[in-house]
Amino acid sequence: MTIEHPATIGIKSADLATWLHRKPDDAPTLKLRAELIEKYRHDVIAYLPGAEPGLRELAAFLAERDHLSFPPEPTEILATLGRMYAEDICILTPEAQQHVLNAAVLCFPNRWRLTDKAGKPIIAVHAPVPEYADKLSSQVDFFLDRLRPGRCFTRSNWGLASSATLHLPDPIAPVNPVADSNSFMRREDQSFVKLPISSAVIFTIRTTITPWAEVTPEDRAAVVEHAKTLPPAWLKYKSMIA
């Protein structure tokens, strides 16, 4: 992956036909997701009624494309999505000229809790992100407003972690990319698709963990360089120490 500055949005166009497909090596991830949904259901699934049109439209689309069957109850639809796909799936509903996180199945948070974010607009969801309100929010809002159905866009996000645990709602010890050889790179491959009828934006996150020793030398070097120049707020957000 390209290790960009964390304030870079880096959105790229992608083929909608490749969106939200299961992969051959997803089985262990899907098993973990099913266990989390069973054990921590109220932590990893959130639903507010405003999400219902988008959620049902997404379920209808996937039912036809992937030959799936979904239960009628909204939270059960979310649970089914969580068991069937390796990605976390968020329903962003357009409300009063902003997008609101009205539903999600989110098994792999990175030091945040879905229960704290559900029902909030995107700017509030991203409140901990340095520079978001001042610099990034307007770019994100502009992108979401102009997003058209039938298009898919992706971006990648990176961070470091002192734990290989995918379900990570609580803070963990920060990582020094030079000295902490037993750390991990946490990668999020994100996608954005707007549905044609409800105008809900489906935001997905596929999270993977790679031991630091297995990260390419080029990517390790890029992270180390960023660690030298990032201000304290960004280092904290990326779970890094320089």
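Residues numbered from 1 in each chain as written. Predicted model: local features only at pLDDT ≥ 70, side-chain atom pairs only at ≥ 80, totals over all residues. Heavy atoms only, no water.

Caption draft 1: Looking closely at the overall build of the chain. Looking only at helices and strands, the chain has 9 helices and 7 strands in total. Over its C-alpha atoms the chain spans a radius of gyration of 18 Å, differing by no more than 12% from the 18 Å that the globule rule assigns to 242 residues. In terms of principal-axis extent, the alpha carbons of the chain reach across some 50 × 40 × 30 Å. A fraction of 69% describes how many contacts in the chain between residues 6 or more apart in sequence connect residues 24 or more apart. Of the roughly 11,800 Å² of accessible surface on the chain, a fraction of 56% belongs to carbon and sulfur atoms. Taken together, the 27 basic and 29 acidic charged side chains of the chain have centroids lying 2 Å from each other. (Helix = DSSP H or I, 4+ residues; strand = E, 2+ residues; numbered from the N terminus. Rg over C-alpha atoms; globule rule 2.2 N^0.38 Å. Contact = heavy atoms within 4.5 Å. Areas by Shrake-Rupley, 256 points an atom, 1.4 Å probe, with all protein chains shown as cover. Lys, Arg positive; Asp, Glu negative; His and termini not counted. Charge placed at Lys NZ, Arg CZ, Asp CG, Glu CD.)

Caption draft 2: A look at the side chain of Ser198. Considering the arrangement of structural elements, one finds Ser198 in the loop between β6 (184–194) and β7 (201–211). A polar contact is formed between the side chain of Ser198 and the side chain of Glu57, at a distance of 2.8 Å. Sequence-distant contacts of Ser198, that is, excluding residues within four places in its chain, are made with Pro53, Gly54, Glu57 and Pro94. (Polar contact = N/O pair within 3.5 Å; in protein donor to acceptor, adjacent residues only side chain to side chain.)

Caption draft 3: Expanded view of unusual backbone geometry. One non-glycine residue with positive phi stands out, namely Ser199, at about 65°. Here Ser199 shows up in the loop between β6 and β7. With a phi angle near 60°, Ser239 is a residue other than glycine that sits in the positive phi range. Tracing the sequence through the fold places Ser239 in the segment after α9 (232–237). Judged by its relative accessible area of 4%, Ser239 falls in the buried class. (Buried < 20%, exposed > 50% of the residue type's maximum accessible area, 1.4 Å probe, protein only.)

Caption draft 4: Focus on the pairing of β7. Bridge count for strand β3 (residues 88–95) against β7 is 5 bridges, and the pairing is antiparallel. Bridge pairing in β7 places Leu92 opposite Val201. Sheet topology note: the β6/β7 ladder contains 11 bridges and is antiparallel. Note that in β7 the partner of Phe192 across the bridge is Phe203. The antiparallel hairpin formed by β6 and β7 contains 6 residues in its connecting segment, where Ser199 sits at a positive phi of about 65°. (Pairing = 2+ DSSP bridges.)

Caption draft 5: Up close: the sheet that holds β3. Strand order in the open sheet formed by 7 strands is β1-β5-β6-β7-β3-β4-β2, and the pairing between neighbours is antiparallel. Only two strands of the sheet have a single neighbouring strand rather than two, namely β1 (12–14) and β2 (45–47). Going from strand to strand, the sheet's axes swing by 35° on average, the running direction of each strand aside. Pairing geometry for β2 and strand β4 (residues 98–105), over 3 bridges, is antiparallel. When the sheet's bridge partners are listed, Ala46 is paired in β4 with Ala104. (Axes fitted to C-alpha atoms, helices over the stretch in contact; angles between N-to-C directions.)

Caption draft 6: Looking closely at the layout of surface pockets. Volume-wise, the largest pocket comes out at about 1,100 Å³. Lining the largest pocket are 48 residues, and of these Trp112, His126, Val129, Asn157 and Tyr237 lie nearest its centre. Where the lining of the largest pocket is concerned, the elements lending two or more residues are β3, α6 (122–125), α7 (132–146), β5 (152–161), β6, β7 and α9. Residue composition of the lining of the largest pocket, by class: 32 nonpolar, 8 polar and 8 charged. The space that makes up the second largest pocket amounts to roughly 470 Å³. As for the second largest pocket, its lining consists of 24 residues, of which Thr154, Arg155, Ser156, Asp189 and Gln190 are closest to the centre. Here the lining of the second largest pocket is built from residues that sort into 5 nonpolar, 10 polar and 9 charged. (1 Å grid on protein atoms, 1.4 Å probe; cavity = no way out; pocket = protein on both sides within 12 Å on 5 of 7 lines; lining within 4 Å. Points joined across faces, edges and corners; volume = space filled by probe spheres on them. Nonpolar A, V, L, I, M, F, W, Y, C, P; charged D, E, K, R; others polar.)

Fair warning: the whole summary comes from geometry, so function is off the table for now.
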